[in-house]
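Single-letter residue listing:
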Amino acid sequence: MKFAKKLAIGVAFAVAVMAGSASAKDIKIGLVVKSLGNGFFDAANKGAQEAAKELGGVEVIYTGPTSTTAEGQIEVINSLIAQGVDAIAISANDPDAVVPALKKAAQRGIKVISWDSGVAPEGRILQLNPSSNELIGKMCLTLVKDHLEGGKGDFAILSATTTSTNQNIWIDQMKKQLKDFAGLNLVTTVYGDDLSDKSYREAEGLLKSNPNVKVIVAPTTVGVLAASKVVEDKGLVGKVYVTGLGLPSEMAGAIKSGATKEFAIWNPIDLGYSATQIAYHLVKGDADGKPGTEIEAGRMGKIKIDDKGEAAMSDPFVYNASNIDQFSKVF
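Here is a short report on the structure shown in this document. (Residues numbered from 1 in each chain as written. Predicted model: local features only at pLDDT ≥ 70, side-chain atom pairs only at ≥ 80, totals over all residues. Heavy atoms only, no water.)

**Some thoughts on the sheet that holds strand S8 (residues 213–218)**
With respect to topology, 4 strands assemble into an open sheet ordered S7-S6-S8-S9, the strand pairing being parallel. Here the strands that pair on one side only, and so sit at the sheet edges, are strand S7 (184–191) and strand S9 (241–244). For this sheet, the mean angle separating the axes of adjacent strands, direction not counted, is 25 degrees. Contacting strand S6 (153–159), S7 and S8, helix H7 (residues 196–209) crosses the sheet at an angle of about 155 degrees to S8. Across the sheet, helix H8 (residues 221–233) lies against S6, S8 and S9, angled at about 175 degrees from S9, the strand it touches most. (Pairing = 2+ DSSP bridges. Helix = DSSP H or I, 4+ residues; strand = E, 2+ residues; numbered from the N terminus. Axes fitted to C-alpha atoms, helices over the stretch in contact; angles between N-to-C directions. Contact = heavy atoms within 4.5 Å.)

**Focus on the sheet that holds strand S13 (residues 310–312)**
Pairing is parallel in the open sheet, where 6 strands are placed in the order S2-S1-S3-S4-S5-S13. The strands lining the two open edges of the sheet, one partner per strand, are strand S2 (58–63) and S13. With direction set aside, neighbouring strand axes in the sheet form an average angle of 20 degrees.

**Looking at the packing of aromatic side chains**
One pass over the full model with this rule turns up 8 aromatic pairs. Plain terms: the ring middles of Phe263 and Tyr319 are 5.4 Å apart, the flat faces sit at 20 degrees to each other, and that makes the pair stacked. On the criterion of sequence distance, the pair formed by Phe263 in strand S10 (residues 262–265) and Tyr319 in strand S14 (residues 317–320) is long-range, its members being 56 residues apart. A residue is classified by how much of its surface remains accessible, and Tyr319, at 3% relative accessible area, is buried. Measuring from ring centre to ring centre gives 6.3 Å for Tyr319 and Phe331, while their planes differ by 85 degrees; the resulting arrangement is edge-to-face. Remark: Phe331 occurs in the segment after helix H11 (324–328) and Tyr319 occurs in strand S14; sequence separation between them is 12 residues. A single burial state applies to Tyr319 and to Phe331, both of which are buried. In textbook terms, an aromatic cluster arises when at least three aromatic residues are bridged by ring pairs, as seen for Phe263, Phe317, Tyr319, Phe327 and Phe331. If you follow Lys261 out to its NZ or CZ, it ends over the ring of Tyr241, 4.8 Å from the centre. The cationic tip of Arg299 hangs over the ring face of Tyr273; the distance from NZ or CZ to the ring centre is 4.2 Å. (Phe/Tyr/Trp six-rings, centres within 6.5 Å; stacked < 30°, edge-to-face > 60°. Buried < 20%, exposed > 50% of the residue type's maximum accessible area, 1.4 Å probe, protein only. Lys NZ or Arg CZ within 6 Å of the ring centre and 35° of its normal.)

**Digging into the nonpolar core**
Residues Trp115, Leu128, Phe155, Ile216 and Trp266 are the most contacted members of the largest nonpolar core, which totals 80 residues. It is helix H10 (residues 268–284) that contributes the most residues to this core, 7 residues altogether. (Core = buried A, V, L, I, M, F, W, Y, C linked by side-chain atoms within 4.5 Å.)

**Structural notes on the packing of helix H2 (residues 39–55) against H10**
Contact pair H2 / H10: the axes reach a minimum separation of 6 Å and the direction vectors enclose 45 degrees. Relative to H10, the element H2 lies oblique. Between H2 and H10 the crossing geometry is right-handed. Residues Phe40, Ala43, Ala44, Gly47, Ala48, Glu50, Ala51, Ala52, Glu54 and Leu55 of H2 form the contact with H10, whose own contacting residues are Pro268, Ile269, Leu271, Gly272, Tyr273, Thr276, Gln277 and Tyr280. (Parallel < 35°, antiparallel > 145°, perpendicular 65-115°, else oblique. Left-handed = near helix turned anticlockwise from the far one by under 90°.)

**Some remarks on the packing of H8 against helix H9 (residues 248–257)**
Between H8 and H9, the shortest axis-to-axis distance is 10 Å and the interhelical angle comes to 35 degrees. Taken as a pair, H8 and H9 cross one another with a handedness that is left-handed. For the pair H8 and H9, contact is made by Thr221, Val224, Leu225, Ser228 and Glu232 and by Glu250, Met251, Gly253, Ala254 and Ser257, respectively. Its residues assigned to classes, the contact of H8 with H9 shows 4 nonpolar, 4 polar and 2 charged. (Nonpolar A, V, L, I, M, F, W, Y, C, P; charged D, E, K, R; others polar.)

**Considering helix H5 (residues 133–147)**
Look at H5: 22 Å from first C-alpha to last across 15 residues, which is about the 21 Å you get at 1.5 Å a residue. Turning to H5, its buried residues number three or more, namely Asn133, Ile136, Gly137, Met139, Cys140, Leu141, Leu143, Val144 and His147. (Expected span 1.5 Å × (residues − 1).)

**Re empty space enclosed by the protein**
Within this structure, the stated rule accounts for 1 cavity of 30 Å³ or more. A volume near 120 Å³ is recorded for the largest cavity. Along its surface, the largest cavity is lined by 15 residues, and Phe40, Asp116, Gln167, Thr220 and Thr221 are the ones closest to its centre. Elements with a minimum of two residues in the lining of the largest cavity: H2 and helix H6 (165–177). Sorting elements by how many residues they give to the lining of the largest cavity places H6 first, with 3 residues. Across the lining of the largest cavity, the residue classes tally to 7 nonpolar, 5 polar and 3 charged. (1 Å grid on protein atoms, 1.4 Å probe; cavity = no way out; pocket = protein on both sides within 12 Å on 5 of 7 lines; lining within 4 Å. Points joined across faces, edges and corners; volume = space filled by probe spheres on them.)

**Some details on unusual backbone geometry**
Even without a glycine there, the phi angle at Asp193 is positive, about 60 degrees. Tracing the sequence through the fold places Asp193 in the loop between S7 and H7. Residue Asp193 is classed as partly exposed on the basis of its relative accessible area of 22%. We note that Asp194 has phi near 55 degrees; this positive angle belongs to a residue other than glycine.

**Here's the deal with the environment of Asp26**
Structurally, Asp26 can be placed in the loop between helix H1 (2–23) and strand S1 (27–32). Sequence separation between Asp26 and Val58 is 32 residues; the distance between their C-alpha atoms is 4.9 Å. Excluding residues within four positions of it along the chain, Asp26 makes contact with Gly57, Val58, Glu59 and Asp86.

See the structure below:
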């Protein structure tokens, strides 16, 4: 009986220790990306891990589907719910399809935000845009103009998926602002689903069908790289240019070959860092993410939420021959 009593006390003590360690466990943040194996999101994960280390007591679970589908992200979200994460920060493949799964997460007390590619407002607390949508649209058109002789000519858009929130917003902005860019003629928009092989085929096909197109603008890191390779492979350097949003490490070759003169992107490392900082403070309860409020984001300063529940991180930055070597070593 004495042994049994001691055993019971020992078990109770072990349970108490386990409970104590559970209360002191790391805050778990699920960083859900459009698809794994994408350089942009790998860079964002670096920033997220930097933020986790800086904050302390934070575990970032970097995850996503193997292809850019809403169904794949829904499976990932359900897995994170089962793992008992404290927050989910998602770059959505579809703004609406993932909402029911994210609502389920919220009902379990998980703080949900979207970043990069947004989720419909009913599915998240706030959306962190990498920049102002208007500025991104204007930047893309400016890049097109700068690649055309006399700033005039035909161009085409190579996007990600037809449901990609951020891509569609930026394309809409380009179309709205075309009136301010006399001489630019948008011929067509094609979709490569953020897959390298499909983006390559779509770029190849649009150039074959539209021989007057002189510039392809791709507001997607996968698309701009694939289109650049088409221009190089088909011997079109100097005849057709590619521009848009790309990673310096991936686009250095295109700059050197002449397939592009310049492109733009915000820093994805900073984006992943900011998303993690925001998710952390929402979990801690020292921020609620409501419109008009501000959230501390470490070295990125305070990020303000607008009346639509959205925030912008920074302006796009232009990369060209003068700075590509410097930045291609970073991301």
